[in-house]
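Listed here are the chains, written in short residue letters.
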Amino acid sequence: MLNISTIAAGVVFVTLAAANLVAMLEASQPSCSSAMRSRLIAVHRVGGYLFVILLCTMAYSMSQRLVGVGITGHLPAHLVLHIVLVLVLVPLLFLKILIARRYKQSHSSLKALGIAIFVISFVLVAIPMLSELLRSASPGSLGLRLATGLIVAVCLVQCALVFKRRKQSRASMESRIRGILPQPTSLTNRENAKDSMNLVLAQIEQQTHDTKTLRFQIPKERQLRAKPGQFLTFQWLIDGQRVIRSYTISSSPVHGNYVEITSKRMENGCVSVFLNERAKPGLRVEARGPYGQFYFDETLHKSIVLIAAGSGITPMISMLRCIDDLKLATSVTLLYCVRTAADIIFQSELARLERSLPNFKYEVCLSQPDLAWKGHSGRLTGEFVSQHLLDVDSPTFFVCGPKGFMDNARQILSTLGVNPDRILQESFGESKRPTEFHPQEARAANTVVFIHSQKVCQASAGSTLLDVAEKNGVQIPYGCRQGLCGTCATRVLSGTVQMDVEAGLTSEQKSAGYVLPCVSRAEGTVVLSV
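Bear in mind that the values here come from a model prediction, so they are computed numbers and not experimental data.

Another point: the sheet that holds strand β9 (residues 360–366). The strand order across the open sheet built from 6 strands is β10-β9-β8-β7-β11-β12, with neighbouring strands paired in parallel fashion. Either end of the sheet is taken by a strand with one partner, and the two such strands are β10 (376–377) and β12 (423–426). The pairing of strand β7 (residues 303–309) with strand β11 (residues 396–400) spans 5 bridges and is parallel. What sits directly across from I304, in β11, is T396. Its contacts with the sheet place helix α9 (residues 347–356) against β8 (331–338) and β9, and it is angled at close to 150° to β9. Contacting β7, β8, β11 and β12, helix α11 (residues 403–415) crosses the sheet at an angle of about 155° to β11.

What follows is the structure, encoded as structure tokens:
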């Protein structure tokens, strides 16, 4: 006959296991705030300590009753099972504590262990109680029927509630995402090219010794429908000269009243020097966009790996901020390579995001570390990548940085067996040098025929196809004028074209004979479809 203290201890034991499991699951919910998550983790930690103490007490009590008897064939089967469950529970608890202490990002393993511990604890307590209930009850008694009916009813209600909640949560999240972020369309870049907007510099934040973030206010009448990772094309007015440059949006697109860019000062870079040394709040600038095929799509990318170097972190921070704002459960790993610790852009923001996002982890690798650096050092290597990636089959990989870095990263991923279709590369800022013009080549006349516009035009030396079109009144929509956004993509019907950059074209467009007129020059006679 079980005494009251044993029953009470069993109930408390199972309650602690259930409370710990609920606290852990709630803390991992994307909708859980940072403050609530911290409180739940504290509750889980205290409940875990109490659970271990109670388990040790119960195990000691059991061992005292087995002194002089041991585990022999004379013991009842349910008591042997009881002992086996305790022996299984101990290593599971040890494993959970080890993972929680050393491998904090392994949330799926912790959830699985928490569920297993709860189930074993429930069975551990239920066996003697159920045995006593069955022994004391008579067949067909009202009490036994009520107990059985109650258990079945509770199970059915719980299943119905879980199914309903998951369905409502999914519908709510999808509705929220559709309302905040635009859905991808093939015409997005061309639509964005139609209208420019006037932005006003409102705030400047120093990121590193040579990098600043500039926040621009968006006009109230203009809605910027960007995707995290896209860029804007700016027309800067510097010393009376209009200079066109594109910058990746570093803020989250969820915030519709402002947009941020982050500029790293480059020697001999007139715009980056201007933004870092001379730009002041109140500066007005004309911008177009957003543009670009390099972006995070929350409906497609459930697990992503971000590989960045230097200022290539800017599209990645936009993606991370968007995931944080929308409370998405996306699994994210960031591998960030810079020269020194002083060159880590968004250092405090990355630390904040790691605390806020339960499924986010990042590693920084320095190529020129000082003696105080305790993290990874050297260049991007296959060993460094594979060390921090448990799965290379399901994530989508985003790569951004200098051309040599991106080529190396793509080669490493290919060696690890990553499908090339799951590697997205941002070629922002990368371009070939225009082909050098030789005077003797001017004798060969370059002619551009615009079929739809019914115009035949002569192309002056060095002029792009877009320049020729504008001079002759042929309308070709454009955006960045750097071969990046793909807005001006036009089909070549015949002839040869020298194209400096092809990043703005899709593989299908390349196969179909499209070029980017803003960075393309005619060689001889060229016929275009416009």
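Let us keep going from here.
Throughout the structure, instances matching the rule amount to 13 salt bridges. Measuring nitrogen to oxygen at the nearest pair gives 3.0 Å for the salt bridge that ties R321 to E349. Of this pair, R321 sits in helix α8 (residues 313–325) while E349 sits in helix α9, and the two are 28 residues apart along the sequence. R352 serves as the salt-bridge partner of E349, at 3.0 Å between the closest nitrogen and oxygen. With E349 and R352 both in helix α9 and 3 residues apart, the pair spans about one turn of that helix. Relative accessible area serves as the criterion here: at 15%, E349 is assigned to the buried category. Taking relative accessible area as the criterion, R352 reaches 30% and is therefore assigned partly exposed. Via salt bridges that share partners, R215, E260, R321, D324, K327, E349 and R352 belong to a single interconnected network.

Examined against the element boundaries, I83 turns out to sit in helix α3 (residues 77–102). Owing to a relative accessible area of 7%, I83 belongs among the buried residues under this scheme. C-alpha separation for the pair I83 and A59, spaced 24 residues apart in sequence, amounts to 8.8 Å.

Let us now look at the sheet that holds strand β15 (residues 490–499). The mixed open sheet is built from 5 strands, whose spatial order is β14-β13-β17-β15-β16. Each having just a single partner strand, β14 (455–459) and β16 (514–515) make up the two edges of the open sheet. As judged from the 4 bridges shared by strand β13 (residues 446–450) and strand β17 (residues 520–528), these two strands associate in the parallel manner. Counted as the bridge partner of T447 is T525 from β17.

Right, let's get into the packing of aromatic side chains. For the structure shown, the criterion picks out 9 aromatic pairs. Between F234 and W236, the aromatic rings sit 4.9 Å apart at their centres with planes inclined by 20°, giving stacked as the arrangement. In this structure W236 comes out as buried when scored by relative accessible area, which is 1%. Between F360 and Y362 the ring centres are 5.8 Å apart and the planes differ by 10°, which places this aromatic pair in the stacked class. Summarising the burial analysis for this pair, F360 and Y362 share the class buried. Site record: aromatic cluster; members linked through ring pairs are F216, F234, W236 and Y247. Over the ring of Y258 we find R215; its NZ or CZ atom is 3.8 Å from the centre of that ring.

The rules we used
Residues numbered from 1 in each chain as written. Predicted model: local features only at pLDDT ≥ 70, side-chain atom pairs only at ≥ 80, totals over all residues. Heavy atoms only, no water. Pairing = 2+ DSSP bridges. Helix = DSSP H or I, 4+ residues; strand = E, 2+ residues; numbered from the N terminus. Contact = heavy atoms within 4.5 Å. Axes fitted to C-alpha atoms, helices over the stretch in contact; angles between N-to-C directions. Salt bridge = Lys/Arg side-chain N within 4 Å of Asp/Glu carboxyl O. Buried < 20%, exposed > 50% of the residue type's maximum accessible area, 1.4 Å probe, protein only. Phe/Tyr/Trp six-rings, centres within 6.5 Å; stacked < 30°, edge-to-face > 60°. Lys NZ or Arg CZ within 6 Å of the ring centre and 35° of its normal.

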